[in-house]
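Descriptive structure summary
Each chain, letter by letter, is given below.
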Amino acid sequence: MATDSPPVTAAAPARAAGPWQAWRILLLANASSLIGNYVQNLALPLWVLSVTGSYTATGITFAVGTLPVVVCAPLAGRIVDRFNRRLVFIGCELLCALLVLVLIGAVRAGNLTVVYVVVALLKAVGSASIPAVQAMLKERLAGDDARPVIARFEVVFGATMSLGPLIGAALSAGVGIEAALWVNLASFVVAGLIATLLRPAPTGAGRRTATPAGDRAATRLEPLRWRTIDPKLRRVALAEASYFLFLGSEVVVALAVFEQTLGVAAAAIYQTLAGIGWIVASSLIVARSTRQPLVLWVGAAVSAVAAVALLLSGRSWSWAAVVVVGLLGGAGNVMIAGAATVVYQSLTSNDIIGRVFAFRRAMLNLLMTVSYVAIPFVGDLTARPALILLVAGAANLVITTVLLPPRHSAATGGSHD
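Residues numbered from 1 in each chain as written. Predicted model: local features only at pLDDT ≥ 70, side-chain atom pairs only at ≥ 80, totals over all residues. Heavy atoms only, no water.

**So, the overall build of the protein**
Check the secondary structure of the protein and you find 16 helices and zero strands. Across the 417 residues that make up the protein, the buried fraction comes to 51%. Put simply, 86% of the contacts in the protein that link residues at least 6 apart link residues at least 24 apart. Taken as a whole, the protein presents about 17500 Å² of accessible surface, with 69% of it coming from carbon and sulfur. (Helix = DSSP H or I, 4+ residues; strand = E, 2+ residues; numbered from the N terminus. Buried < 20%, exposed > 50% of the residue type's maximum accessible area, 1.4 Å probe, protein only. Contact = heavy atoms within 4.5 Å. Areas by Shrake-Rupley, 256 points an atom, 1.4 Å probe, with all protein chains shown as cover.)

Rendered as structure tokens:
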């Protein structure tokens, strides 16, 4: 997952003209794109369920939205590292808008096959957007500025994660599925238009554009290799992977437990609280702490505590469990993902960051897919899904402790982490 290119350094590119050009315009574009995605992500599967009455058909809707990210990661990363990243982002957003237009037609016709194909294509095209955003941040921010800005991006992610599904469900119930799809289409168009306001990256950090055949040797992309990556980043990457493998299904198990004990309303409130926990931890912990490995370890511990609360939940205090599991689950999630993003940004060179972030996103999606299936399956076999999740959380905490011991984590703090 590293490269044979020159060694990674912590040197940061020159600052852009100001914060609006450095990251705020990009934050607005990213927020617009995300809110539309989350509006559609819940509304479309609910529509499939209402039309077919089949949980299998609904599950396929989720699956076709996950697998393309894994399959397309190598190509997406190479595109981001090879071409102008601002234009890549704008192109992806506008192409996604066109695909949503096709999706609206497929929904009107009730053609599930076309719906599945278009959803897969949306994720395939969008697989380059997130790496492009991270790469543009790397180009425009000095190293000391990256951590608080990344935390702001995580706050926006938490807000869209909380509000998007609620908006999508409300639009679907009150107006119809097409309203949610039109919102998503508009969000892609707005994101692309906002991104056009970004100035090119500072001199020396600008991305390569297509060059004549005779110049291609100078911009050839070397293969990525795991063995040459910075050891700190390797430990962080493995700790993050462990979390998503063992606790990626926490949402699925929690929703099932709360839906059975308290009803659908409790499940929806749990999701909103998880988003609030994400926002709070982003603002108070990820943005302020310079000891990122320690934040990762604490995130694993907090997530294990959330699993304990879920196991102990009963009718006597189920609503309290909804609050505790939601807030702690969201907080633990962002402490893992947000702190890892800071480390990736710091210890990955500008020339390979697109491919590294694409690879990271693909692997996490793959591990979450495995977790979605394996942990609930074992939970069904034992009839104790919350207990199985607790065991998984304990395993993740042990692995994280081995990779990032608390004493070592606290000692490695600093801007380079």
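From this point on, the discussion continues.
**Observations regarding the confidence of the model for the protein**
Averaged over the protein, the pLDDT score is 81; the fraction of residues at 70 or greater is 84%. Every residue in residues 1–16 scores below 50 in pLDDT, and together they form 51 contacts with partners more than four places removed in sequence or on other chains. Confidence drops under a pLDDT of 50 for residues 204–219, and excluding neighbours within four residues, the segment shows 29 contacts in the predicted structure. (pLDDT = per-residue confidence, 0-100.)

**Examining the pattern of salt bridges**
Considering all chains together, one arrives at six salt bridges under this definition. Via salt bridges that share partners, Asp 81, Arg 85, Glu 139, Arg 140 and Arg 355 belong to a single interconnected network. (Salt bridge = Lys/Arg side-chain N within 4 Å of Asp/Glu carboxyl O.)

**Considering the nonpolar core**
Formed by 104 residues in total, the largest nonpolar core has its most connected members in Leu 103, Phe 258 and Leu 310. Looking at which element gives the most residues to this core, the answer is helix α13 (residues 318–347), with 13 residues. Among all residues touching Leu 103, those that are not within four sequence positions of it are Gln 40, Leu 44, Val 115, Val 118, Val 119, Leu 122 and Leu 181. (Core = buried A, V, L, I, M, F, W, Y, C linked by side-chain atoms within 4.5 Å.)

**Considering helix α4 (residues 85–109)**
Relative to the 36 Å expected for 25 residues at 1.5 Å per residue, α4 spans 36 Å between its end C-alpha atoms, a close match to the ideal helical length. N-cap assignment for α4: the residue whose side-chain oxygen lies 3.0 Å from the backbone N of Arg 86 is Asn 84. One or two positions beyond α4, positive phi appears at Gly 110, with a value near 70°. (Expected span 1.5 Å × (residues − 1). Polar contact = N/O pair within 3.5 Å; in protein donor to acceptor, adjacent residues only side chain to side chain.)

**Considerations on the packing of helix α9 (residues 231–247) against α13**
Direction vectors running N to C along α9 and α13 enclose 155°, while the axes themselves pass 10 Å from each other. Our classification of the angle between α9 and α13 gives roughly antiparallel. You can see that α9 and α13 cross each other, and the crossing is left-handed. Of the residues in α13, those in contact with Lys 232, Leu 233, Val 236, Ala 237, Glu 240, Tyr 243 and Phe 244 of α9 are Gly 329, Gly 332, Asn 333, Ile 336, Ala 337, Ala 340, Val 343, Tyr 344 and Leu 347. (Axes fitted to C-alpha atoms, helices over the stretch in contact; angles between N-to-C directions. Parallel < 35°, antiparallel > 145°, perpendicular 65-115°, else oblique. Left-handed = near helix turned anticlockwise from the far one by under 90°.)

**Digging into the packing of aromatic side chains**
Within this structure, the stated rule accounts for five aromatic pairs. Taking 5.7 Å as the distance between ring centres and 55° as the angle between the ring planes, the aromatic pair formed by Phe 258 and Tyr 270 counts as tilted. Separated by twelve residues along the polypeptide, Phe 258 in helix α10 (residues 250–261) and Tyr 270 in helix α11 (residues 264–286) bring together distant segments of the chain. The pair Phe 258 / Tyr 270 is uniform in exposure class, with both members buried. An aromatic cluster of at least three residues, connected via ring pairs, comprises Tyr 38, Phe 157 and Trp 278. It is Arg 82 that lies over the ring of Phe 83; its NZ or CZ is 5.3 Å from the centre. Between the NZ or CZ atom of Arg 360 and the centre of the ring of Tyr 344, over which it lies, the distance is 4.7 Å. (Phe/Tyr/Trp six-rings, centres within 6.5 Å; stacked < 30°, edge-to-face > 60°. Lys NZ or Arg CZ within 6 Å of the ring centre and 35° of its normal.)

**Things to note about the environment of Leu 193**
Mapped onto the elements of the fold, Leu 193 is located in helix α8 (residues 177–195). With a relative accessible area of 52%, Leu 193 lands in the exposed category. Leu 193 sits 99 residues away from Leu 94 along the chain, and the two C-alpha atoms are 8.8 Å apart.

**With respect to a nonpolar patch on the surface**
Nonpolar side chains collect at one region of the surface, where Ile 276, Val 280, Leu 284, Ile 285, Val 323, Val 324 and Leu 327 lie side by side and expose about 480 Å² of accessible area between them. Elements with a minimum of two residues in the nonpolar patch: α11 and α13. Per element, the largest residue contribution to the nonpolar patch is four residues, and it comes from α11. Position of Ile 285 relative to the elements: it lies in helix α11. On the basis of relative accessible area, Ile 285 is assigned to the partly exposed category, the value being 32%. (Patch = residues over 30% accessible without salt bridge, like charges linked within 9 Å, V, L, I, M, F, W, Y side chains within 5 Å.)

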